[in-house]
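Each chain, letter by letter, is given below.
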Amino acid sequence: MNIALIAHDKNKQDMISLCKEYKDVLAKHVLYATGTTGLMVMGATGLDINRMKSGPLGGDQQIGSMVAEGKLDMIIFLRDPLTAQPHEPDVSALLRLSDVMSIPLATNVASAKIMLDYLKNIK
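Summary of the structure given here.

Cut-offs applied
- Residues numbered from 1 in each chain as written.
- Predicted model: local features only at pLDDT ≥ 70, side-chain atom pairs only at ≥ 80, totals over all residues.
- Heavy atoms only, no water.
- 1 Å grid on protein atoms, 1.4 Å probe; cavity = no way out; pocket = protein on both sides within 12 Å on 5 of 7 lines; lining within 4 Å.
- Points joined across faces, edges and corners; volume = space filled by probe spheres on them.
- Helix = DSSP H or I, 4+ residues; strand = E, 2+ residues; numbered from the N terminus.
- Nonpolar A, V, L, I, M, F, W, Y, C, P; charged D, E, K, R; others polar.
- Axes fitted to C-alpha atoms, helices over the stretch in contact; angles between N-to-C directions.
- Parallel < 35°, antiparallel > 145°, perpendicular 65-115°, else oblique.
- Left-handed = near helix turned anticlockwise from the far one by under 90°.
- Contact = heavy atoms within 4.5 Å.
- Pairing = 2+ DSSP bridges.
- Salt bridge = Lys/Arg side-chain N within 4 Å of Asp/Glu carboxyl O.
- Buried < 20%, exposed > 50% of the residue type's maximum accessible area, 1.4 Å probe, protein only.
- Arc of directions from axis to C-beta.

**Focus: the layout of surface pockets**
Reasoning step 1: Space inside the largest pocket adds up to approximately 160 Å³.
Reasoning step 2: Within the residue set of the lining of the largest pocket, elements represented by two or more residues are β1 (2-7) and α3 (35-45).
Reasoning step 3: Among the residues making up the lining of the largest pocket, the classes are represented as three nonpolar, eight polar and three charged.

Following this line, the structure appears as structure tokens:
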């Protein structure tokens, strides 16, 4: 599967912890991430990640383009719903595209764990 990893600044440590916990599962898939999230996760886990631009610099749009082209199977996007994001229109567009294209999208750690547990248990 092709899996995208995105985390707002306040959620990056949660993403790192999640990726450490599910490193064996994630290592079996092709990973994509926005720039800073990808850099931090790679540094903490050693996972091979294809990095896009930083979210505010177009990374969310790059991930959205992959969704529109049918190139992603799952997205883990740990959002910070309490902080205004300067690129909120890009975030909204990505969420909308995920719904339109029926791409599973986790927006918090609990839903991400459910999706990753599913991947862990399929053969």
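That shown, we press on.
**Observations regarding the packing of helix α4 (residues 59-68) against helix α5 (residues 88-100)**
Reasoning step 1: Two numbers describe how α4 lies on α5: the axes approach to 9 Å, and their chain directions differ by 15°. On the basis of the axis angle, α4 is roughly parallel to α5. The way α4 lies across α5 gives a crossing that is left-handed. Facing α4, whose interface residues are Asp60, Gln61, Ile63, Gly64, Val67 and Ala68, α5 presents Asp90, Val91, Leu94, Leu97 and Ser98.
Reasoning step 2: Of the residues contributing to the contact of α4 with α5, the split by class is six nonpolar, three polar and two charged.

**Observations concerning the sheet that holds strand β5 (residues 105-106)**
Reasoning step 1: The strand order across the open sheet formed by five strands is β3-β2-β1-β4-β5, and the pairing between neighbours is parallel. Looking at which strands have only one partner, the edges of the open sheet turn out to be β3 (49-51) and β5.
Reasoning step 2: Sheet topology note: the strand β4 (residues 74-78)/β5 ladder contains two bridges and is parallel. Along β5, the bridge assignment pairs isoleucine 76 with alanine 106.
Reasoning step 3: The sheet strands contacting helix α1 (residues 12-21) are β1 and β4, and the helix crosses β1 at an angle near 145°.
Reasoning step 4: Its contacts with the sheet put α4 on β1, β2 (30-33) and β4, and the angle it makes with β1 is roughly 155°.

**Section: unusual backbone geometry**
Reasoning step 1: Backbone geometry at serine 102 places phi at a positive 55°, although glycine is not the residue there.
Reasoning step 2: Mapped onto the elements, serine 102 comes out in the loop between α5 and β5.

**Observations concerning the pattern of salt bridges**
Reasoning step 1: Throughout the structure, instances matching the rule amount to four salt bridges.
Reasoning step 2: The partner of aspartate 9 in a salt bridge is lysine 12, and the shortest N-O contact between them spans 3.8 Å.

**Things to note about α3**
Reasoning step 1: Listed as buried for α3 are Gly35, Thr37, Gly38, Val41 and Thr45. Buried positions in α3, seen along its axis, are confined to an arc of 165° and lie on one side of it.
Reasoning step 2: On its buried face, α3 sits against β1, α1, α2 (23-26), β2 and β3.
Reasoning step 3: At the exit of α3 stands glycine 46, carrying a positive phi of roughly 80°.

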